[in-house]
Amino acid sequence: MAVALINRFCGGGSADLLGQFARPLVVQVVHEVLGLSPEAGQHALNAIMTLRATDPASVKLGNRMLEEAMRDTVSAKRAAPGMDVTSWLLKHRSGLSVDEVIHQLAMLYWFTEPTWNLIANAVLRAVTDEPFGGDAVGGALSPQEAIDAVLYSDPPLAIAFARFPRQMQILPGDGTVHEHEPVFVGLAACNSDPAAVGVERTGRGNRAHLSFGAGAQKCPADELATLVAREALAQLWDALPDIELAIPVESLERVANPFLSAVVALPVRFRPSPQLPLP
């Protein structure tokens, strides 16, 4: 999938690596894994883009669109099961109801956006941080190590979903969190704690960040997300090692969503390259 997408723009010398590569790659993978039809997949993607806005009307509309896409998928897979997550959930021994399957699928699909932003943030880091970028495209820094470094410094999910204390907690200083009051954890803030900023983070297998959570609440899809991002970066840097940002970094527009650390587009330029052979 990555090679086919790269072949669409590698000869042109420029591209939006978010809109033309990272987003469609992740969407294609997730649609195949979940078993979404092209129609349901497009409806689900439209829902995610609607949910970027945090106003109540957009959230309500986006959630309804996402539920409709997953309901259509569940209906199709009940009639004709396949080798996909939707079919497996429907026949799982726990006996999930249709509504429960729809809810699980919607939650899984929501994480397409942090995954495509993980790819984009790693590319952005590589083209704006000269030592980091030189190591990455030169092969001294593996795609996995690049991903880990970005998960420390610019995690695509910047703020975790709310957690609710079971009892009152006294925080350092004068802070108090009462029972059942929502607490939002700033993952980017945790990873950049001044007490830890001196620690070497690009380094070679160090994955002690909190970007996928930890413990019982750890994201169960971290391996799949990093696999997609790792393969995407490997194929991209191999095909186009001289990528550079097409506009000043300060001109990049950021997504107006407090939970996400993401750009609206990632315009780059590079030396035109012939198409790659498909695997």
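Residues numbered from 1 in each chain as written. Predicted model: local features only at pLDDT ≥ 70, side-chain atom pairs only at ≥ 80, totals over all residues. Heavy atoms only, no water.

Asks: It is not clear to me how helix α11 (residues 222–239) should be interpreted in this structure. Could you clarify?
Replies: Three or four residues apart is the spacing at which side chains of an α-helix point the same way, because the helix has 3.6 residues per turn. With 18 residues, α11 extends 26 Å between its outermost C-alpha atoms, agreeing within 8% with the 26 Å of an ideal straight helix rising 1.5 Å per residue. Turning to α11, its buried residues are Asp-222, Ala-225, Thr-226, Val-228, Ala-229, Ala-232, Leu-233, Leu-236, Trp-237 and Ala-239. (Helix = DSSP H or I, 4+ residues; strand = E, 2+ residues; numbered from the N terminus. Expected span 1.5 Å × (residues − 1). Buried < 20%, exposed > 50% of the residue type's maximum accessible area, 1.4 Å probe, protein only.)

Asks: Teacher, can you tell me more about the packing of aromatic side chains here?
Replies: Any pair of aromatic rings gets described here by the distance separating the centres and the angle formed by the planes. Taken as a whole and judged by the stated rule, the model has four aromatic pairs. With centroids separated by 4.9 Å and ring planes inclined at 80°, the aromatic side chains of Trp-110 and Phe-111 adopt a geometry described as edge-to-face. Under the relative-accessibility criterion, Phe-111 is labelled partly exposed at 28%. Clustering of aromatic rings is evident, with ring pairs tying together Phe-9, Phe-21 and Phe-270. In this structure, Arg-23 is placed above the aromatic ring of Trp-116, and the distance from its NZ or CZ to the ring centre is 5.1 Å. (Phe/Tyr/Trp six-rings, centres within 6.5 Å; stacked < 30°, edge-to-face > 60°. Lys NZ or Arg CZ within 6 Å of the ring centre and 35° of its normal.)

Asks: Explain the side chain of Glu-113 to me, please; I cannot follow it from the model alone.
Replies: Relative to the assigned elements, Glu-113 resides in helix α7 (residues 112–128). Here Arg-52 takes part through its side chain, which lies 2.6 Å from a polar atom of the side chain of Glu-113. Excluding residues that lie within four positions of it along the chain, Glu-113 makes contacts with Ile-48, Arg-52 and Leu-260. (Polar contact = N/O pair within 3.5 Å; in protein donor to acceptor, adjacent residues only side chain to side chain. Contact = heavy atoms within 4.5 Å.)

Asks: Just checking my understanding: could you explain the pattern of salt bridges for this structure?
Replies: Two side chains bearing opposite charge may form a pair once their charged atoms approach each other closely. Under the defined criterion, the tally for this structure stands at seven salt bridges. Residue Arg-52 pairs with Glu-113 through a salt bridge whose shortest N-O separation is 2.6 Å. With Arg-52 in the loop between α3 (38–51) and α4 (56–79) and Glu-113 in helix α7, this pair connects stretches of sequence that are 61 residues apart. Taken individually, Arg-52 and Glu-113 each receive the classification buried, so the pair is uniform in this respect. In this structure, Lys-77 engages Asp-84 in a salt bridge whose closest nitrogen and oxygen atoms are separated by 2.9 Å. Both residues of the pair, Lys-77 and Asp-84, count as buried. Beyond isolated ion pairs, a larger network of salt bridges with shared partners links Glu-67, Arg-71 and Asp-99. (Salt bridge = Lys/Arg side-chain N within 4 Å of Asp/Glu carboxyl O.)

Asks: Help me out: how do you make sense of the packing of helix α2 (residues 18–34) against α11 in this one?
Replies: Helix packing geometry: the angle between the two helix axes and the distance between the axes. Running from N to C, α2 and α11 point in directions that differ by 135°, and their axes come no closer than 11 Å. By the angle class used here, α2 and α11 are oblique. Considering only the axes of α2 and α11, their crossing is right-handed. From α2, Phe-21, Leu-25, Val-26 and Val-29 reach across to α11, where they touch Val-228, Ala-232 and Leu-236. Residue composition of the contact of α2 with α11, grouped by class: seven nonpolar, no polar and no charged. (Axes fitted to C-alpha atoms, helices over the stretch in contact; angles between N-to-C directions. Parallel < 35°, antiparallel > 145°, perpendicular 65-115°, else oblique. Left-handed = near helix turned anticlockwise from the far one by under 90°. Nonpolar A, V, L, I, M, F, W, Y, C, P; charged D, E, K, R; others polar.)

Asks: I would appreciate a short explanation of α4 in the present structure.
Replies: Spanning 24 residues, α4 covers 35 Å between terminal C-alpha atoms, matching the ideal 34 Å at 1.5 Å per step. Here α4 has its buried residues at Ser-58, Gly-62, Met-65, Leu-66, Ala-69, Met-70, Thr-73, Val-74 and Lys-77. Those residues of α4 that are buried lie in contact with α2, α3, α5 (85–90) and α6 (98–110).

Asks: Please clarify how the environment of Leu-240 should be interpreted in this entry.
Replies: Mapping Leu-240 onto the fold places it in the loop between α11 and β4 (244–245). Residues Leu-240 and Pro-272, 32 residues apart in the sequence, show an inter-C-alpha distance of 8.3 Å. If near-sequence neighbours (up to four positions away) are discounted, Leu-240 is found in contact with Phe-9, Cys-10, Phe-270, Arg-271 and Ser-273.

Asks: Please explain unusual backbone geometry as it appears in this structure.
Replies: The phi torsion of most residues other than glycine is negative, and most of the peptide bonds are trans. At His-180, a position not held by glycine, the phi torsion is positive, near 70°. Relative to the helices and strands, His-180 resides in the loop between β3 (176–177) and α10 (187–191). Take His-180: its relative accessible area is 53%, and that puts it in the exposed class.

Asks: Is there a simple way to think about the packing of α2 against α3 in this case?
Replies: Where α2 contacts α3, the two axes come as close as 11 Å, and the packing angle between them is 130°. As far as their axial angle goes, α3 and α2 are oblique. Crossing angle aside, the handedness with which α2 passes α3 is right-handed. Between α2, through Arg-23, Val-27 and His-31, and α3, the contact on the second element is made entirely by Gly-41, Gln-42, Leu-45 and Met-49.

Asks: What exactly am I supposed to notice about the confidence of the model for the chain here?
Replies: Predicted coordinates in regions of low pLDDT should not be interpreted in detail. Confidence along the chain averages 86 in pLDDT terms, with 89% of residues attaining 70 or more. Across the chain, the element-wise mean pLDDT spans from 60 in helix α8 (residues 130–138) up to 97 in strand β1 (residues 14–16). (pLDDT = per-residue confidence, 0-100.)

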